[in-house]
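Below, each chain spelled out in residue letters.
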Amino acid sequence: GQNIDQPTEMTATEGAIVQINCTYQTSGFNGLFWYQQHAGEAPTFLSYNVLDGLEEKGRFSSFLSRSKGYSYLLLKELQMKDSASYLCAVKVPPGKLIFGQGTTLQVKP
Amino acid sequence: DAMVIQNPRYQVTQFGKPVTLSCSQTLNHNVMYWYQQKSSQAPKLLFHYYDKDFNNEADTPDNFQSRRPNTSFCFLDIRSPGLGDAAMYLCATSRGPGDLDTQYFGPGTRLTVL
């Protein structure tokens, strides 16, 4: 079966750093994606990891450990506009994306 | 310079009345996907087209059909919508189905069934 787990909700303060964790157990692994989704809008692509390690992209970084089935998304210098749902998705053969339920992040002043 | 366009953004239909949702893309991507996302749930893949090859997910109800008349357009037909089909329907595209091919999503169509 396919299973992707993320915390349901998180709260953080503007200007702070927050880490959103994702664990997965899937039949096959061809990469892990993070998407941001504001309420009522489509997911937008944030980052992609296929090899172990950290990928940095401005205020956003994503880490992957394939042996542990684990990833995290790190958001630095939080802004109010970062309040959104963050979806972890694993690509499995033959190219299908399996999404987690998403983590709703609330950024407070 | 919208890349994946979905129309309409909001659709209201009656129980049992067929409805069609549309998606178009200006990226010239080979693959187009349809996802269903219910409130506070993960997007769930319904089916996808790789060029003209149609790939249905095993658990997609027969009530859902799709058409891709050309590279740019893809349609989702719901033959007899039920109350449980109320959801956000997301169209996505990717250059190919490969590992490095990112999926790009349209803004979605929110379907209400009365």
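For clarity, every value in this text was computed on a predicted model and none was experimentally measured.

A. Region of the structure containing the sheet that holds strand 3 (residues 19-25) of chain B. Residue and element names in this part refer to chain B. Strand order in the open sheet made by the four strands is 1-3-8-7, with antiparallel pairing throughout. Each end of this open sheet is capped by a strand with a single partner; those strands are strand 1 (4-7) and strand 7 (64-67). Averaged over all pairs of adjacent strands, the angle between their axes in this sheet comes to 20°, without regard to strand direction. Relative to strand 8 (residues 73-78), strand 3 is paired through six bridges, and the arrangement is antiparallel. If you follow S24 over to strand 8, its bridge partner there is F73.

B. Region of the structure containing the interface of chain A and chain B. Counting from both sides, the interface comprises 19 residues of chain A and, opposite them, 23 residues of chain B. Carbon and sulfur atoms make up 54% of the area that chain A and chain B hide from each other, which totals about 1,600 Å². Across the chain A-chain B interface, the total number found is one salt bridge. For B:E57, the salt bridge identified is with A:K96, shortest N-O distance 2.3 Å. Across the contact surface, chain A and chain B share four residue pairs in polar contact (both at pLDDT 80 or more). Residues of the side of chain A that touches chain B, tallied by class, amount to 10 nonpolar, six polar and three charged.

C. Molecular detail of the side chain of A:T103. Residue and element names in this part refer to chain A. When you line up the elements, T103 lands in strand 11 (residues 103-108). A distance of 3.1 Å separates the side chain of T103 from the side chain of Q6, its partner in a polar contact. Those residues in contact with T103 that sit more than four places away from it in its chain are Q6, P7, T8, E9, M10, I20, A84, S85 and Y86.

D. Main features of the environment of B:G96. Residue and element names in this part refer to chain B. Along the chain, G96 turns up in the loop between strand 9 (87-94) and strand 10 (104-105). Put simply, G96 and Q37 are 59 residues apart on the chain and 23 Å apart in space, counted from C-alpha to C-alpha. Setting aside anything within four residues of it in sequence, one finds G96 in contact with V31, Y33 and D101.

E. Examining the nonpolar core more closely. Residues and elements named next belong to chain A. Counting residues in each nonpolar core, the largest one holds 22 residues, and the members touching the most others are L32, W34, L75, Y86 and L105. When contributions to this core are tallied by element, the ones reaching two or more residues are strand 3 (18-25), strand 4 (32-37), strand 7 (60-65), strand 8 (70-75), strand 9 (84-92) and strand 11. Among the elements that take part in this core, strand 9 stands out by supplying five residues, more than any other. In this structure L105 touches M10, T11, A12, V18, L75, L78, D82, S83, A84 and Y86, once residues within four positions along its chain are discounted.

The rules we used
- Residues numbered from 1 in each chain as written.
- Chains lettered and ligands numbered in written order.
- Predicted model: local features only at pLDDT ≥ 70, side-chain atom pairs only at ≥ 80, totals over all residues.
- Heavy atoms only, no water.
- Pairing = 2+ DSSP bridges.
- Helix = DSSP H or I, 4+ residues; strand = E, 2+ residues; numbered from the N terminus.
- Axes fitted to C-alpha atoms, helices over the stretch in contact; angles between N-to-C directions.
- Contact = heavy atoms within 4.5 Å.
- Buried area = accessible area lost by both parts, 1.4 Å probe.
- Salt bridge = Lys/Arg side-chain N within 4 Å of Asp/Glu carboxyl O.
- Polar contact = N/O pair within 3.5 Å; in protein donor to acceptor, adjacent residues only side chain to side chain.
- Nonpolar A, V, L, I, M, F, W, Y, C, P; charged D, E, K, R; others polar.
- Core = buried A, V, L, I, M, F, W, Y, C linked by side-chain atoms within 4.5 Å.
- Buried < 20%, exposed > 50% of the residue type's maximum accessible area, 1.4 Å probe, protein only.

Remember, this is a structural readout, not a statement about activity or role.
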